Amino acid sequence: MTWVAAVARLRTRREPGVLATVATVRGHAPRDAGAKLVVGRTEAWGSIGGGNVEAVTIDRAREMITTSKPEPELIDFALNDKVTNRHGVQCCGGTVSVLLEPLPVVRAVAVFGVGHVGLELVRILARQDLDLHLIDTRSDILTEQRLGVLADAVADVHVHHTPLLPEEVLETLPPGTQVLIMTHDHAEDAALCDAALRTPHLGSIGLIGSAAKWARFRKRLATEGGHDEAAIDRIKTPIGLADITGKEPATIAVSIAADVLRTFEAQEASSLVRG
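Procedures and definitions
- Residues numbered from 1 in each chain as written.
- Predicted model: local features only at pLDDT ≥ 70, side-chain atom pairs only at ≥ 80, totals over all residues.
- Heavy atoms only, no water.
- Axes fitted to C-alpha atoms, helices over the stretch in contact; angles between N-to-C directions.
- Helix = DSSP H or I, 4+ residues; strand = E, 2+ residues; numbered from the N terminus.
- Parallel < 35°, antiparallel > 145°, perpendicular 65-115°, else oblique.
- Left-handed = near helix turned anticlockwise from the far one by under 90°.
- Contact = heavy atoms within 4.5 Å.
- Core = buried A, V, L, I, M, F, W, Y, C linked by side-chain atoms within 4.5 Å.
- Buried < 20%, exposed > 50% of the residue type's maximum accessible area, 1.4 Å probe, protein only.
- Pairing = 2+ DSSP bridges.
- Phe/Tyr/Trp six-rings, centres within 6.5 Å; stacked < 30°, edge-to-face > 60°.
- Lys NZ or Arg CZ within 6 Å of the ring centre and 35° of its normal.

J.: Could you give me a rundown of the packing of helix α4 (residues 186-197) against helix α5 (residues 211-223), with the residues and numbers involved?
T.: With their axes 11 Å apart at the nearest point, α4 and α5 run at an angle of 45° to one another. Our classification of the angle between α4 and α5 gives oblique. Here α4 runs over α5; the crossing is right-handed. In contact with His186, Asp189, Ala190, Cys193, Asp194 and Leu197 of α4, α5 contributes Lys213, Arg216, Phe217, Arg220 and Leu221.

Written out as structure tokens, the structure reads:
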């Protein structure tokens, strides 16, 4: 398996990893500069030369995987019989530097409703390294032509056309996904809010709309849905930054996107403190 395919596999599995690259070589060494090794929690793909260099690299990579917010590292190795090594002697005679780059689990966002505001929002979010899920019941909203503005997206974009039950997509979303509910239909929004509260692996839940809309939803979630106050409080509404008050779709989208990124950073900072 190529290192590119290995990185893609970790991303698909939503597992953290480390990409190890032979950065520099002086003298004789088992592999040339540019050789790569991808390390996961229990598997590794590729090779940077075997022996002590590779074993130490794998050990350190797995230590990094358990760290809350690892930073890239450079490890130097002297390949001679005078150096005491953790995993045996390598006496090729040269020196090697290995760069270790963390491969974190990619953030995920799901946008339910890709109307005027939704399209402006996903245009912004598509510039981030995300798993970005677009869900809508209307096929004309998800045409290739309309979504052509995402052709150069940095994000990995997943399009879901769900003509009947968009809430079924919730179960398939990656753990920790931020869910944004902003469809064209208040009944659809209400069903999604109820279903999202019943889907424990999700991250934050945001709902677009007015205070009056939320008052109706809140009552319905309690009386018909049977959700308690603590569960209902998981839903944030309105979404976006309170001090950005413009009503143009692009302005609302900027506000929501900023709020999404701020939420991710707050969650990661909290995880770092707990770690």
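J.: Describe the nonpolar core, naming the residues involved and giving the relevant values.
T.: Val109, Val111, Leu121, Leu125, Leu132 and Leu180 are the most contacted members of the largest nonpolar core, which totals 25 residues. Mapped by element, the contributors of at least two residues to this core are β6 (107-112), α3 (116-125), β7 (130-136) and α7 (249-274). Residue contacts for Val109: discarding those within four places in its chain leaves Leu125, Leu130, Asp131, Leu132, His133, Thr177, Gln178, Leu180, Val260 and Phe264. Counting residues in each nonpolar core, the second largest holds 22 residues, with Val179, Ile181, Leu192 and Ala196 among its members.

J.: So what's going on with the sheet that holds strand β5 (residues 95-103)? Residues and values would help.
T.: Spatial strand order, β3-β2-β1-β5-β4: five strands in an open sheet with antiparallel pairing. Strands at the two margins of the open sheet, each flanked by one partner only, are β3 (44-46) and β4 (73-78). Pairs of neighbouring strands in the sheet enclose a mean axial angle of 20°, with direction left out of account. For strand β1 (residues 17-26) and β5, the ladder comprises nine bridges, and the chain directions are antiparallel. Bridge pairing links Val18 to Pro102 in β5. Lying over the sheet, helix α1 (residues 3-13) contacts β1, β2 (36-39), β3 and β5, oriented at roughly 15° with respect to β2.

J.: With reference to specific residues and values, describe the packing of aromatic side chains.
T.: Evaluation of the coordinates by the stated rule reveals zero aromatic pairs. In this arrangement the basic side chain of Lys36 is found over the ring face of Trp3, its NZ or CZ atom lying 5.1 Å from the centre.

J.: Requested: an account of the sheet that holds strand β11 (residues 235-236), with residues and values cited.
T.: With respect to topology, six strands assemble into an open sheet ordered β8-β7-β6-β9-β10-β11, the strand pairing being parallel. With one partner strand each, in any of the chains shown, β8 (156-161) and β11 form the two edges of the open sheet. Here strand β9 (residues 178-181) runs beside strand β10 (residues 205-207); their pairing, made up of three bridges, is parallel. Note that in β10 the partner of Leu180 across the bridge is Gly206.

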